[in-house]
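Next come the chains, spelled out residue by residue.
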Amino acid sequence: MKISIGTLSRAFGLSDEALRFYEKKGLLHPRRENGNGYRVFELADIQRISNIQRLKSQGFTLEEIQRVYSTGGERELAGLYGSKIREMERKIAYDRHVLARMRTTARTLKTAQKQLMQPQRVSLGRVYLLEYPSVPDMWARVEKEPLLKRLFGALPLTAYTTLIGREAMTGARSRMTKGVLFYENDAEVLDLTPEGFRLIDATSAVGCLFRLENGGFDAAEMLERLSAYMSARRLTASDDLFTQQLVSYVDDGGNAIHYARMIVPIEAAQPAD
C-alpha cells in the first residue's frame, strides 16, 4: 500500500515540512518512486508517526524520540522512560503550585471591593527574598548574580516585592527597598534552598489589600489603617513590611490596574482577632 506525503500529513494534521523534518532526523524512511522521486510511505510509517505523536504528547522531545528508536534494549528504554516520568512529576507538582496561586488570586478578585484597605490576619509562612536599594540596581545585578537570575526565571512562583521598614508602623519615616521573593512551600518545586536569601517569617502576619491605578495609590492611608488595626490589638511588627503581588491588568479605559497586599509580619505568640 502506497501513501503519499500529502495524504499522510492531512491524516495527522502535520505539514509536509514536518514529515520531511522527521525524515531528516532519521525517524521516517520513505521510499522514492522510480522516475519522479516522490516520497512514498507504507503502513509501517503510519504506526511510526502515531508513535512519534504519542511520545510528543507525553512530553518527549524529538531528540529523546530519536533515542527511543536507537536504544539498545528494554533496560535503556526503561531508563529513558523513568527520566521522563520524573520530569513530568516535577512539572505536575510545579503546575499544582501555580494552580493554587491562581485560585487564591481568583478568590481575592471576587471579594476585592470588600477587602480593599481592610487589614486582617493572614498566614503566608516563611518568605525568602533578595533585597536591593532600587529596581535599577536590581536589574543591573541580574547577570552577575545567579540566584537573582534564577528568581527572574521562576515566575509566577516568584514575585517582585517592595519592602518598607517596620518603623513605618510607629509613624516614623521609613526606608523603602525592592526585591524578589519566594515562599518556603514553593521551595521544593523551584529547587531552591534558603542559603543566600533573607528570611522574613510571615507565618503570623497582618495583610491589607490595596489597588494601584497607573502606579498610584494612597500609601499613607493604608499605613495608617494598618497601624490603627495593630495598635487596637496590641500587635507589634516583628520584621519589615513587604508587598505580596496578586494580579495586574489593563481596564476598559486603558488604565494599568494592580492588586497587591501589604504584609506586616508579627510575633507568633500575639493573639488572633
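Computed from a predicted model, the values in this text were never measured in an experiment.

### With respect to the packing of aromatic side chains
The geometry of an aromatic ring pair comes down to the distance between the two centres and the angle between the two planes.
Then step 1. Evaluation of the coordinates by the stated rule reveals 6 aromatic pairs.
Then step 2. When the ring of Tyr128 is compared with that of Phe182, the centres are 5.6 Å apart and the planes differ by 25°; the resulting orientation is stacked. One end of the pair, Tyr128, is in strand S5 (residues 125–132); the other, Phe182, is in strand S7 (residues 176–183), and 54 residues separate them in sequence.
Then step 3. Between Phe182 and Phe197, the ring centres sit 5.0 Å apart and the planes meet at 80°, which makes this aromatic pair edge-to-face. Here the residue Phe182 occupies a position in strand S7, and Phe197 occupies one in the loop between helix H9 (187–190) and strand S8 (198–202), the gap between them amounting to 15 residues.
Then step 4. Overall, Phe182 belongs to the buried group, its relative accessible area being 1%.
Then step 5. Judged by its relative accessible area of 11%, Phe197 is buried.
Then step 6. One aromatic cluster is present, formed by Tyr128, Phe182 and Phe197 through successive ring pairs.

### Observations regarding the layout of surface pockets
Then step 1. In this structure, the largest pocket spans a volume of roughly 550 Å³.
Then step 2. As for the largest pocket, its lining consists of 26 residues, and the residues nearest its centre are Arg101, Thr105, Pro156, Tyr183 and Gln245.
Then step 3. The greatest single-element share of the lining of the largest pocket, amounting to 7 residues, is contributed by helix H5 (residues 74–110).
Then step 4. Its residues placed into classes, the lining of the largest pocket shows 12 nonpolar, 11 polar and 3 charged.
Then step 5. For the second largest pocket, the calculated volume is near 260 Å³.

### Details of H5
Then step 1. Between its terminal C-alpha atoms H5 stretches 52 Å, which fits the 54 Å expected from 37 residues at 1.5 Å a residue.
Then step 2. All buried positions along H5 are accounted for by Leu80, Gly82, Lys84, Val98, Thr105 and Thr108.
Then step 3. If you follow the buried residues of H5, they end up packed against helix H4 (62–68), helix H6 (112–115), strand S9 (205–213), strand S10 (241–250) and strand S11 (256–265).

### Some points on the nonpolar core
Then step 1. In this structure, Met169, Val206, Leu226, Met230, Leu241 and Val264 are the most contacted members of the largest nonpolar core, which totals 20 residues.
Then step 2. Elements that contribute at least two residues to this core include exactly S9, helix H10 (219–232) and S11.
Then step 3. Take this core: its biggest share by element is 5 residues, from H10.
Then step 4. Among residues more than four places away in sequence, those in contact with Val206 are Pro119, Gln120, Arg121, Val122, Leu226, Tyr229, Met230, Leu235, Met262, Ile263, Val264 and Ile266.

### Considering the pattern of salt bridges
Then step 1. Inspection of the entire model under this criterion finds 21 salt bridges.
Then step 2. We note a salt bridge from Glu64 to Lys84, for which the minimum N-O separation is 2.8 Å. Of this pair, Glu64 sits in helix H4 while Lys84 sits in helix H5, and the two are 20 residues apart along the sequence.
Then step 3. Assessed through its relative accessible area of 17%, Glu64 is described here as buried.
Then step 4. Taking the relative accessible area as the measure of exposure, Lys84 reaches 6% and is therefore buried.
Then step 5. Among the ionic pairs, Arg198 bridges to Asp240, the shortest N-O distance being 3.0 Å. Here Asp240 lies in the loop between H10 and S10 and Arg198 lies in strand S8, a separation of 42 residues in the sequence.
Then step 6. Here Arg198 falls in the partly exposed class, since its relative accessible area comes to 25%.
Then step 7. Connected through shared salt-bridge partners, Glu131, Arg166, Glu167, Arg175, Arg198, Asp239 and Asp240 make up one network.

### Description of the sheet that holds S9
Then step 1. The sheet built from 8 strands is open, its strands ordered S4-S9-S11-S10-S6-S7-S5-S8 with antiparallel pairing. With partners counted over all chains shown, the strands left at the sheet margins are strand S4 (120–122) and S8, one partner each. Direction aside, neighbouring strands of the sheet carry axes that sit 40° apart on average.
Then step 2. In this sheet, S11 lies alongside S10 in antiparallel orientation, the contact comprising 8 bridges. In the strand pairing of S11, Tyr249 is matched with Ile257.
Then step 3. Against the sheet, H5 engages S7, S9, S10 and S11, with an angle of about 80° to S10.
Then step 4. Running at roughly 165° to S9, H10 makes contact with S4, S9, S10 and S11 of the sheet.

About the criteria used
Residues numbered from 1 in each chain as written. Predicted model: local features only at pLDDT ≥ 70, side-chain atom pairs only at ≥ 80, totals over all residues. Heavy atoms only, no water. Phe/Tyr/Trp six-rings, centres within 6.5 Å; stacked < 30°, edge-to-face > 60°. Helix = DSSP H or I, 4+ residues; strand = E, 2+ residues; numbered from the N terminus. Buried < 20%, exposed > 50% of the residue type's maximum accessible area, 1.4 Å probe, protein only. 1 Å grid on protein atoms, 1.4 Å probe; cavity = no way out; pocket = protein on both sides within 12 Å on 5 of 7 lines; lining within 4 Å. Points joined across faces, edges and corners; volume = space filled by probe spheres on them. Nonpolar A, V, L, I, M, F, W, Y, C, P; charged D, E, K, R; others polar. Expected span 1.5 Å × (residues − 1). Contact = heavy atoms within 4.5 Å. Core = buried A, V, L, I, M, F, W, Y, C linked by side-chain atoms within 4.5 Å. Salt bridge = Lys/Arg side-chain N within 4 Å of Asp/Glu carboxyl O. Pairing = 2+ DSSP bridges. Axes fitted to C-alpha atoms, helices over the stretch in contact; angles between N-to-C directions.

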